[in-house]
Amino acid sequence: MMALSIRTERIRIPLEYMEIEGVLSLPEDALGVVMFADTGVGARVKPGNDYLGAALRGVRLGTLWLDLLRPEEAQAKAPRPPAALLHARLAAACGWLGRHPATESLPVALFGAGEAGAAALELASGRPACICAVVTRGASVDMVETGTLAKIAVPTLLIVGSLDDALLAASRGAYAALRCKKRLEIVPGATRDFEEPGSPEVVARLARAWFLQHARFAMA
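Every chain is numbered on its own, with residues counted from 1 as its sequence reads. With the structure being a predicted model, the display of local features is reserved for residues of pLDDT at least 70 and the display and counting of side-chain atom pairs for 80 or more, all residues being used for whole-chain, interface and lining totals. By convention in this description, side-chain values take in all heavy atoms of the structure and omit both hydrogens and water.

Student: Describe unusual backbone geometry, and please don't skip the residues or the numbers.
Tutor: The phi angle at Asp 29 is positive, at roughly 55 degrees, despite the residue not being glycine. Numbering of helices and strands starts at the N terminus; helices are DSSP runs of H or I of at least 4 residues and strands are runs of E of at least 2. Inspection of the secondary structure puts Asp 29 in the loop between β2 (19-27) and β3 (32-38).

Right under this line is the structure:
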């Protein structure tokens with residue numbers, strides 16, 4: 001199979017008081033775009049090991065990697081950023097995709113981890129017309145109210161590691177609260193960061209299958 005041509009561009013999404021940095025990568029004849037949110041203090045804008053993104057682009061799904069926090073915010077001593085702040089910035093990025101000439105006609109899906117995973121669930125609850133599917137990996141679901149989860153209408157996949165007892169219990173509670181098409185996948189031997197051998201591959205396989213099966217991506 002011939003390798004797809006990928007167009008990549010660094011982007012800046014203006015907000016009232018700052019800009020969100022990101023990297024948009026679109027395969028030729030893209031079926032849709034998956035918006036990734038990151039709040040970590042590692043590589044800025046795009047992770048060095050873009051395994052999941054490559055797996056998605058290989059099946060003609062574009063990716064938009066975002067840094068939702070400024071460097072000083074990511075390195076702050078606060079235990080985690082306010083949910084409302086992350087939600088607002090993620091919503092701005094979703095609106096930007098709807099206006100950008102290369103993506104305005106494409107369906108949008110969400111992938112989020114940790115606090116950004118909680119923000120993705122919040123966004124899916126309030127903007128069903130904008131979002132067509134959600135996948136979270138180790139999301140901080142305790143940041144999302146039960147009533148908010150119940151309002152999500154798009155297909156939602158929760159991925160959690162079997163060795164993260166606290167998050168596993170919270171994810172089971174969140175799964176019970178969801179009223180949409182849903183699935184809870186527990187990855188054996190994985191912790192919250194999914195850095196164990198084989199864990200990234202499992203996450204990529206699960207996310208790719210969910211997006212292709214349940215999102216409004218029409219295979220050509």
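Once you've had a look at it, read on.
Student: Got a sec to walk through the packing of aromatic side chains? Specific residues and values, please.
Tutor: Only the six-membered ring of Trp is used, alongside the rings of Phe and Tyr, when aromatic pairs are assigned; centres must lie within 6.5 Å, and planes under 30 degrees apart are stacked while those over 60 apart are edge-to-face, with the rest tilted. Inspection of the entire model under this criterion finds two aromatic pairs. Judged by centre distance (4.1 Å) and plane angle (25 degrees), the rings of Phe 36 and Trp 65 are stacked. You can see Phe 36 sitting in strand β3 and its partner Trp 65 sitting in strand β4 (residues 61-67), a full 29 residues away along the chain. Here Phe 36 and Trp 65 have matching classes, each one buried. Ring geometry for Phe 36 and Phe 111: centres 5.2 Å apart, planes at 40 degrees, overall tilted. Remark: Phe 111 occurs in strand β5 (residues 108-113) and Phe 36 occurs in strand β3; sequence separation between them is 75 residues. In terms of burial, Phe 36 and Phe 111 fall into one category: buried. Taken together, Phe 36, Trp 65 and Phe 111 form an aromatic cluster joined through their ring pairs. Sitting over a ring, as applied to charges here, requires NZ of Lys or CZ of Arg to be within 6 Å of the ring centre and within 35 degrees of the ring normal. Positioned above the aromatic ring of Tyr 175 is the side chain of Lys 182, whose terminal nitrogen or guanidinium carbon lies 4.3 Å from the ring centre. Exposed residues in this analysis have more than 50% of their type's maximum accessible area, buried residues have under 20%, and partly exposed residues fall in between, with area computed by a 1.4 Å probe over protein chains only.

Student: How would you explain the side chain of Ser 199 if you had to name every residue and give the values?
Tutor: With respect to the helices, strands and loops of the structure, Ser 199 is situated in helix α7 (residues 199-214). We classify Ser 199 as buried; its relative accessible area is 3%. Here, two residues are considered to be in contact whenever any of their heavy atoms come within 4.5 Å of each other. Setting aside residues up to four positions removed in sequence, Ser 199 forms contacts with Val 187, Ala 190 and Phe 194.

Student: Provide a residue-level description of helix α6 (residues 165-177), including the pertinent values.
Tutor: A turn of α-helix holds 3.6 residues, and therefore any two residues three or four places apart point the same way. To estimate the expected span of a helix, count its residues, drop one, and scale the result by 1.5 Å. Taking 1.5 Å of rise per residue, the 13 residues of α6 would be expected to cover 18 Å, and the 19 Å separating its terminal C-alpha atoms lies within 8% of that figure. Of all the positions in α6, only Leu 167, Leu 168, Ser 171, Ala 174 and Ala 177 are classed as buried. Here the buried face of α6 lies against β6 (131-139), α5 (146-150), β7 (156-161) and β8 (182-187).

Student: Any chance you could break down the pairing of β5 for me, citing the residues and the numbers?
Tutor: Counting buried residues in β5 gives six out of six residues, a clear majority hidden from the surface. Because side chains alternate across β5, one face comprises the buried residues Val 108, Leu 110 and Gly 112, and the other comprises Ala 109, Phe 111 and Ala 113, equally buried. When DSSP locates at least two bridges between a pair of strands, those strands are taken to pair. Here β5 pairs with β6 via five bridges, running parallel. Note on β6: the bridge partner recorded for Gly 112 is Thr 136.

Student: Describe in detail the environment of Val 202, supporting the description with residues and values.
Tutor: With respect to the element layout, Val 202 can be found in helix α7. Through-space distance from the C-alpha of Val 202 to that of Leu 52 is 9.7 Å; in sequence the pair is 150 residues apart.

Student: Pulling in residues and values, what's your account of the environment of Gly 32?
Tutor: Tracing the chain through its elements places Gly 32 in strand β3. With relative accessibility at 0%, the residue Gly 32 sits in the buried group. Each C-alpha atom of the pair Gly 32 and Leu 106 lies 4.8 Å from the other, and the pair is 74 residues apart in sequence.

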